Amino acid sequence: MNLKNVFFLSILCFSLFSKAQHSVSGNLSPAEDYKWLIAYKLNPDHQNYIADTAVKNGTFSLIIPANAKTGMYRLVYAVPQEEFYFDFIYNGKEDIVLSFDSLKGLSFISSNENLLYARYFNEIHGLEKQIAQFYSEKKKDRNLLLNLNKKLAAVQKSFETQSQGMLSGHFISANRPYISSGYEDVETYVKHKREHYFDALDFNDQVLLGTDFLTDKVVNYVFTALPQHQIPNKDKEPVIIENVKELARVLENVSAINKVQLFNSLWTKASNDNLHKVSDFIYSNYLRSLATETNKSELFKKIETQNRLRLGAVAPEITWNEGSSTKKLSGLTGAKNYVIVFWSSTCSHCLQQLPEFHKNLKDISNTKVLAIGLEDDDVTWKKESAKLPDFIHGIALGKWESPYADIYDIHQTPTYYILDNEKRIVARPDDYQEVIKFLNGNN
């Protein structure tokens, strides 16, 4: 056998024994909304970039590298990435074909792992919904409830058996719900459901860590395990804080790197819902120390920014010069509302929006506008700001390197903040039309 034949034989053997590549392909609808997809592998505290591909006429095919690890993956299709994505299981053994519709959601055409996962959650959620309806509608048929619980137990056992040895089995087993063995009134059922909520969850399971499944479970417990009657936020927050404490006890022996993302999800939810006592409690008692222990400097910055600019917070100080004197935001008086707009005289959107905003503002009383130009120099700014005489003008040289770009978390111009008469932030509108709408509704 000559060297050439030996070489080709070696190549053939390598290809036979090397790990095969697999693909993820499918259709996205509406087709015109999708241009590109990026795949990430989800991990406990970060995401690994895997591959990307163009979307053409709503179809795509993405090759997963042969050395890619198995687990939960994420396909991102727009920005911000934390909003526009969907997840799937990759087991390294099969190609995946899917369909995603922005209104109907995600469905799988081919993939044993993902089809089983989807069928399980569809059936289990359907039965849990029927049990919830039984209690909410105050039905009296005990046999109906007993049969629903028997079905729930049978479905859970069946899918746990089907998914043995599969990645989907980790999620199916971890999702095992509380199932009553006999008839229980609503108070007893809710009590037991809460007590057994975490029984099946393994917070050290590497397959679950970093996935929405685990964070959703945690968020659901903390924010929905509440009294059955409606209560206002001021009464709700102490109950939620007690739920956070209970979760912390459950997570006591879990590593910091596995806990930090879970508490970050809780903090984010509380902040977005304006539950500031809850978010402050989570940060002060858990998240701050976890971020320090795991060296998460970006997390610190995110929390500080959110706290500094959250609704109800006093707006950070701004200073500017008028002639030989220095003026301050805190020194402005005489208005019911104040609007801060960060803009630039070289920004085309600003040059379109601000004149319209200036014109519409003439019909609104008790409002003052402070326009801060993020500029490289003052040449164009002087010319353009002069066209907006009803605004109070200040300039921040350095543009994106200006301290205000960081202090006020400016990523685009124009950016608007609305303050009340105490200079507390009351709104962060996306454009000047929303500013006008808010001010009209507040006068």
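Since we're looking at a predicted model, the values are computed, not measured.

S.K.: Looking at this structure, I do not really get the overall build of the chain. What am I missing?
M.R.: Check the secondary structure of the chain and you find 14 helices and 15 strands. Over its C-alpha atoms, taken along the principal directions, the chain stretches across nearly 80 × 80 × 45 Å. Scored against the burial criterion, the 443 residues of the chain give a buried share of 45%. When contacts within the chain are restricted to residue pairs at least 6 apart in sequence, long-range pairs at least 24 apart make up 61% of them. On the chain, roughly 23,900 Å² of surface is accessible, and the fraction owed to carbon and sulfur atoms is 50%.

S.K.: Whenever I open this one, the nonpolar core confuses me. Can you help?
M.R.: Among the nonpolar cores identified, the biggest contains 62 residues, and Phe203, Phe223, Phe263, Leu266 and Leu287 are the most heavily contacted of them. Breaking this core down by element, the ones donating at least two residues are helix 2 (112-136), helix 3 (142-162), helix 4 (167-174), helix 6 (212-224), helix 7 (233-250), helix 8 (256-272), helix 9 (276-293) and helix 10 (297-309). Ignoring any residue separated from it by four or fewer positions in sequence, one finds leucine 287 in contact with Val260, Phe263, Asn264, Trp267, Ile282, Leu299 and Ile303.

S.K.: Honestly, the sheet that holds strand 11 (residues 337-343) in this entry has me stumped. Any pointers?
M.R.: Strand pairing in a sheet takes place through backbone hydrogen bonds and is either antiparallel or parallel in direction. In spatial order, the strands read 13-12-11-14-15; together these five strands make up an open sheet with mixed pairing. The two strands at the open ends of the sheet, each matched to only one other strand, are strand 13 (392-397) and strand 15 (425-427). Between one strand axis and the next, the sheet turns through 30° on average, direction left out of account. The sheet contact formed by strand 11 and strand 14 (residues 415-419) spans five bridges and is antiparallel.

S.K.: Would you take a moment to explain the packing of helix 2 against helix 4 for this structure?
M.R.: Each pair of packed helices can be described by the angle between their axes along with the distance between the axes. Look at helix 2 against helix 4: their axes get within 9 Å of each other, and the N-to-C directions meet at 15°. The pairing of helix 2 with helix 4 is recorded here as roughly parallel in orientation. Relative to helix 4, the crossing made by helix 2 is right-handed. Contacts between helix 2 and helix 4 involve Glu113, Leu116, Tyr117, Tyr120 and Phe121 from the first element and Leu167, Ser168, Phe171 and Ile172 from the second. Residue composition of the contact of helix 2 with helix 4, by class: seven nonpolar, one polar and one charged.

S.K.: Whenever I open this one, helix 10 confuses me. Can you help?
M.R.: Helical geometry note: an α-helix holds 3.6 residues per turn, so side chains three or four residues apart project in the same direction. Compared with an ideal rise of 1.5 Å per residue, which puts 13 residues at 18 Å, helix 10 spans 18 Å between its outermost C-alpha atoms and is within 8% of the ideal. Inspection of helix 10 places Leu299, Ile303, Thr305 and Leu309 among the buried residues, and these make up the whole buried set. Across the axial projection of helix 10, the buried residues extend over an arc of 160°, all falling on one side. Buried residues belonging to helix 10 abut helix 8, helix 9, helix 13 (403-407), strand 14 and strand 15.

S.K.: Quick question: what am I supposed to make of the side chain of asparagine 264 here?
M.R.: Structurally, the position occupied by asparagine 264 is in helix 8. The contact partners of asparagine 264, leaving out residues within four places of it in the chain, are Leu287, Leu299 and Lys302.

S.K.: Even after reading the chapter, I still don't get unusual backbone geometry, so can you show me in this structure?
M.R.: Residues apart from glycine generally show negative phi values, whereas peptide bonds are mostly found in trans. The omega angle of the peptide bond from serine 29 to proline 30 is 0°, so this bond is cis rather than trans. Looking at the element boundaries, proline 30 is found in the loop between strand 1 (22-29) and strand 2 (36-42). In this model, threonine 413 is joined to proline 414 through a cis peptide bond whose omega is -5°. Examined against the element boundaries, proline 414 turns out to sit in the loop between helix 13 and strand 14.

S.K.: Honestly, the packing of aromatic side chains in this entry has me stumped. Any pointers?
M.R.: By convention here, two paired aromatic rings are described through the distance between centres and the angle between planes. Summed over all chains, the structure comprises 29 aromatic pairs. Summarising the aromatic geometry, the rings of tyrosine 135 and tyrosine 189 are spaced 4.8 Å apart at their centres and angled 20° between planes, so their arrangement reads as stacked. Taken together, the residues tyrosine 135 in helix 2 and tyrosine 189 in helix 5 (residues 186-195) connect sequence positions 54 residues apart. Geometrically, the ring pair formed by phenylalanine 171 and phenylalanine 213 is edge-to-face, given 5.5 Å between the ring centres and 90° between the ring planes. Of this pair, phenylalanine 171 sits in helix 4 while phenylalanine 213 sits in helix 6, and the two are 42 residues apart along the sequence.

S.K.: Can you help me understand the environment of leucine 144 in this one?
M.R.: With respect to the helices, strands and loops of the structure, leucine 144 is situated in helix 3. Judged by its relative accessible area of 32%, leucine 144 is partly exposed. Once residues within four sequence positions are removed from consideration, leucine 144 is found in contact with Phe134 and Lys139.

S.K.: What exactly am I supposed to notice about helix 4 here?
M.R.: Counting buried positions over the eight residues of helix 4 gives six, a clear majority of the element. Every buried residue belonging to helix 4 is among Leu167, Ser168, Gly169, Phe171, Ile172 and Ala174, and all of these are buried.

S.K.: Would you mind going over the pairing of strand 9 (residues 319-322) with me for this structure?
M.R.: Side-chain direction in a regular strand flips from residue to residue, so the side chains alternate between the two faces of the sheet. Where strand 9 and strand 10 (residues 325-328) come together, four bridges link them in antiparallel fashion. By the bridge assignment, glutamate 322 is partnered in strand 10 with serine 325. The turn linking strand 9 back onto strand 10 is made up of two residues, and glycine 323 within it adopts a positive phi angle of 65°.

S.K.: Help me understand the pattern of salt bridges in this model?
M.R.: A side chain of one charge can pair with a side chain of the opposite charge if their charged atoms are brought near each other. If you walk through the whole model with that rule in mind, you get 16 salt bridges. One salt bridge in this structure joins arginine 249 and glutamate 246, with 2.9 Å as the shortest N-O distance. Of the two residues, arginine 249 and glutamate 246 both sit in helix 7, three residues apart, roughly one turn of that helix. Owing to a relative accessible area of 28%, glutamate 246 belongs among the partly exposed residues under this scheme. The partner of aspartate 390 in a salt bridge is lysine 362, and the shortest N-O contact between them spans 2.9 Å. Separated by 28 residues along the polypeptide, aspartate 390 in the loop between helix 12 (379-385) and strand 13 and lysine 362 in the loop between helix 11 (348-360) and strand 12 (367-375) bring together distant segments of the chain. Looking at lysine 362, the relative accessible area reads 54%, which means it is exposed.

Thresholds, definitions, all that
- Residues numbered from 1 in each chain as written.
- Predicted model: local features only at pLDDT ≥ 70, side-chain atom pairs only at ≥ 80, totals over all residues.
- Heavy atoms only, no water.
- Helix = DSSP H or I, 4+ residues; strand = E, 2+ residues; numbered from the N terminus.
- Buried < 20%, exposed > 50% of the residue type's maximum accessible area, 1.4 Å probe, protein only.
- Contact = heavy atoms within 4.5 Å.
- Areas by Shrake-Rupley, 256 points an atom, 1.4 Å probe, with all protein chains shown as cover.
- Core = buried A, V, L, I, M, F, W, Y, C linked by side-chain atoms within 4.5 Å.
- Pairing = 2+ DSSP bridges.
- Axes fitted to C-alpha atoms, helices over the stretch in contact; angles between N-to-C directions.
- Parallel < 35°, antiparallel > 145°, perpendicular 65-115°, else oblique.
- Left-handed = near helix turned anticlockwise from the far one by under 90°.
- Nonpolar A, V, L, I, M, F, W, Y, C, P; charged D, E, K, R; others polar.
- Expected span 1.5 Å × (residues − 1).
- Arc of directions from axis to C-beta.
- Phe/Tyr/Trp six-rings, centres within 6.5 Å; stacked < 30°, edge-to-face > 60°.
- Salt bridge = Lys/Arg side-chain N within 4 Å of Asp/Glu carboxyl O.

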